[in-house]
Amino acid sequence: MKLISISSGKVLPLFGNHHPNYKSVASAIHKKSISNLQNPIAIEINTLGVKGDEQADLSVHGGIEKAIYVYPSEHYEFWNALLTRETKKPTSLEYGAIGENFTIEGLLETDVFVGDKLLIGELEFLVVKLREPCFKFNAALGYKGASKAMLQSGFSGWYLRVLKTGVLTAGAKITLVPGPRNTSIAQQNKNLLNSRNQKDLWE
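Now for a look at the structure at hand. Computed from a predicted structure; not experimentally measured.

### Details of the overall build of the protein
What the protein contains, in helices and strands, is 5 helices and 13 strands. Of all 203 residues assigned to the protein, the portion counted as buried reaches 43%. Across the protein, every contact between residues at least 6 apart in sequence was considered, and the portion connecting residues at least 24 apart equals 77%. Within the structure as shown, the protein displays about 10000 Å² of accessible surface, and the carbon and sulfur contribution to it stands at 53%.

Now the structure itself:
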């Protein structure tokens, strides 16, 4: 289990400047890899996450409880295939495209429970909850069914609180320290899916 990419992003108009009606909709979902296996730069991680990373809406992303968004690299194959099929354009997303700060390898939603700790390099994190996709995720991927696909696949990723700050580099090993293990991220996603009707899924 290891960290293979660290990404950050700036708050920008979500739909670009060519949609004057939507200029006021801001997002930092477009994240770029700033440390990866090809270029393993040391990145500072503080209590609010990756230094220099921004969030447009702190009610749903960021802050102490959602400082880091983690996403398994294994799911990129699913998204590339789905988007290639649905948009009729060959798609090969780069790490950070799902909006994640940490792209990891070897750990999935079924393996991770709320309250577990992740030791990454010298740093320590607490698993808080799954990521709930919204319309911004649809816009970022250019596909109106992206949020629904994330919920139905269970490929949600999860948020971390930073317990021990410091410096991280891509390639760092990840150790999972089990917590109470009452609810997995996969189970949280299943509960959310069951609680939403079709109308909610599209909004």
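### Topic: helix α4 (residues 185-195)
All of the buried residues in α4 are Ile-185, Asn-189 and Leu-192. Looking straight down α4, one finds that the buried residues subtend no more than 65 degrees of arc, so they occupy a single side. Seen from the buried face of α4, the exposed residues on the opposite side, beyond 90 degrees, are Asn-194 and Ser-195. Buried-residue contacts for α4 involve β10 (123-130), α3 (146-153) and β11 (158-164).

Scoring rules and cut-offs
Residues numbered from 1 in each chain as written. Predicted model: local features only at pLDDT ≥ 70, side-chain atom pairs only at ≥ 80, totals over all residues. Heavy atoms only, no water. Helix = DSSP H or I, 4+ residues; strand = E, 2+ residues; numbered from the N terminus. Buried < 20%, exposed > 50% of the residue type's maximum accessible area, 1.4 Å probe, protein only. Contact = heavy atoms within 4.5 Å. Areas by Shrake-Rupley, 256 points an atom, 1.4 Å probe, with all protein chains shown as cover. Arc of directions from axis to C-beta.

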